[in-house]
Structure formats: C-alpha cells, structure tokens
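# An overview of the molecular structure
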Amino acid sequence: MKGKINNRLGDINISSDVIATIAGSAAVECFGVVGMASVSLKDGFVKLLKKESLVNGIEVNVNEDNSLTLKLHIIVAYGVSIYAVSENLIETVRYKIEEHTGLKVEAVNVYVESVRPID
C-alpha cells in the first residue's frame, strides 16, 4: 500500500518501503537501539538485521484516512531503560516520517524482541 498526498500540482504516491527505510534509519540512530529485528514465525528465533535490510523489521500500514501505523521490531541494549528507549524511538520515528513525507503518523508500535549487550 502507498501513502498518498494530493496538492494543486498533482498526486504524490510514497511506497511503504520508502516509509520503512526512513523509519529504520531513524530507529538505529536512537540511543539504546542495537538494531532492527526479524522474527522467524516458524522457529521463534530473533535475528539482528544488517543495515541493508532494515525494512524487514518494520511493518507499515496506510489507514483509510491516509495516516500511517507502524510496527517496529527492535533489539535493545542491555542495561538501558526499555521504556525510555521506546518513548524516544516513537517520537524520533514519528518526527522523521512526518518531516520527510508530509504524512501523518497515527501510531508507532514498538516490539522489543531481544536485549543484547553493546559490542
């Protein structure tokens, strides 16, 4: 599904992969986030994603009113407040997406899949 913006000059369609890339880039810059996670439903294993495949840890849904709902699957650094990291992550991702795309972010849901020590 694509986000749509209509203006006097025409229509702009933004792919959900572009939105996920913006969200993933913003997420890995946040303090306390080790990286994005991919969860294997078959095995239940959590895998740390490389920078090239950040979009695999993010689900983007475009709502009927053209707002966005995101699900971020992350790995958090050991010893930091999960609540503080999540709150910062939500605000940062919301700001970056709204700033870059002009689309309204309805919700950012954070799923902490694992805790790992910082290398």
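It should be emphasised that the depicted structure is a prediction, and the values quoted were computed from it without experimental measurement. (Residues numbered from 1 in each chain as written. Predicted model: local features only at pLDDT ≥ 70, side-chain atom pairs only at ≥ 80, totals over all residues. Heavy atoms only, no water.)

### Thoughts on the overall build of the chain
In terms of helices and strands, the chain carries two helices and seven strands. When the helices and strands of the chain are placed in sequence order, the string is β-β-α-β-β-β-β-α-β. Summarising the internal contacts of the chain: among those between residues at least 6 apart in sequence, 65% fall at separations of at least 24. Looking at the chain as shown, the accessible area adds up to about 7,400 Å², and 50% of this sits on carbon and sulfur atoms. (Helix = DSSP H or I, 4+ residues; strand = E, 2+ residues; numbered from the N terminus. Contact = heavy atoms within 4.5 Å. Areas by Shrake-Rupley, 256 points an atom, 1.4 Å probe, with all protein chains shown as cover.)

### Description of the side chain of threonine 69
By the secondary structure assignment, threonine 69 is in strand β6 (residues 68-77). Within polar-contact distance, the side chain of threonine 69 engages the side chain of asparagine 63 at 3.0 Å. (Polar contact = N/O pair within 3.5 Å; in protein donor to acceptor, adjacent residues only side chain to side chain.)

### Focus: a nonpolar patch on the surface
Taken together, the side chains of Tyr78, Ile82, Val112 and Val115 present a nonpolar region at the surface, about 370 Å² in accessible area. Tracing the sequence through the fold places isoleucine 82 in helix α2 (residues 82-101). (Patch = residues over 30% accessible without salt bridge, like charges linked within 9 Å, V, L, I, M, F, W, Y side chains within 5 Å. Salt bridge = Lys/Arg side-chain N within 4 Å of Asp/Glu carboxyl O.)

### Considerations on the packing of helix α1 (residues 16-28) against α2
The contact between α1 and α2 brings their axes to 9 Å, and the two run at 140 degrees. Relative to α2, the element α1 lies oblique. You can see that α1 and α2 cross each other, and the crossing is right-handed. From α1, Ile19, Ile22, Ala23, Ala26 and Ala27 reach across to α2, where they touch Leu89, Thr92, Val93, Lys96, Ile97, His100 and Thr101. Among the residues making up the contact of α1 with α2, the classes are represented as eight nonpolar, three polar and one charged. (Axes fitted to C-alpha atoms, helices over the stretch in contact; angles between N-to-C directions. Parallel < 35°, antiparallel > 145°, perpendicular 65-115°, else oblique. Left-handed = near helix turned anticlockwise from the far one by under 90°. Nonpolar A, V, L, I, M, F, W, Y, C, P; charged D, E, K, R; others polar.)

### Topic: unusual backbone geometry
The phi torsion at asparagine 66 lies on the positive side, around 70 degrees, for a residue other than glycine. Structurally, asparagine 66 is set in the loop between β5 (58-62) and β6. Classification of asparagine 66 as partly exposed rests on a relative accessible area of 23%. (Buried < 20%, exposed > 50% of the residue type's maximum accessible area, 1.4 Å probe, protein only.)

### As for the pairing of strand β7 (residues 105-116)
Bridge count for β6 against β7 is ten bridges, and the pairing is parallel. Among the inter-strand pairings, isoleucine 74 is bridged to a residue of β7, identified as valine 112. In this fold, β6 hands off to α2, which returns the chain to β7; that crossover is right-handed. (Pairing = 2+ DSSP bridges. Right-handed = clockwise from strand over helix to strand, strands pointing away.)

### Comments concerning the side chain of serine 67
Position of serine 67 among the secondary structure elements: in the loop between β5 and β6. Of note is the side chain of serine 67, whose polar atom sits 2.7 Å from the side chain of aspartate 65. If we ignore the near neighbours within four places in the chain, the residues touching serine 67 are Asn61, Val62, Lys104 and Glu106.

### Concerning the environment of valine 34
Positionally, valine 34 belongs in strand β3 (residues 33-39). Judged by relative accessible area, which is 32%, valine 34 ranks as partly exposed. Separated by 40 residues in the primary sequence, valine 34 and isoleucine 74 have C-alpha atoms spaced 7.6 Å apart.

### Quick notes on the pairing of β6
Burial of β6 is extensive: nine of the ten residues sit out of reach of the surface. As paired elements, β5 and β6 share five bridges and run antiparallel to each other. Across the sheet, glutamate 59 pairs through a bridge with lysine 71, a residue of β6. Hairpin remark: β5 followed by β6, antiparallel, with five residues in the connecting loop; positive phi at asparagine 66, about 70 degrees.

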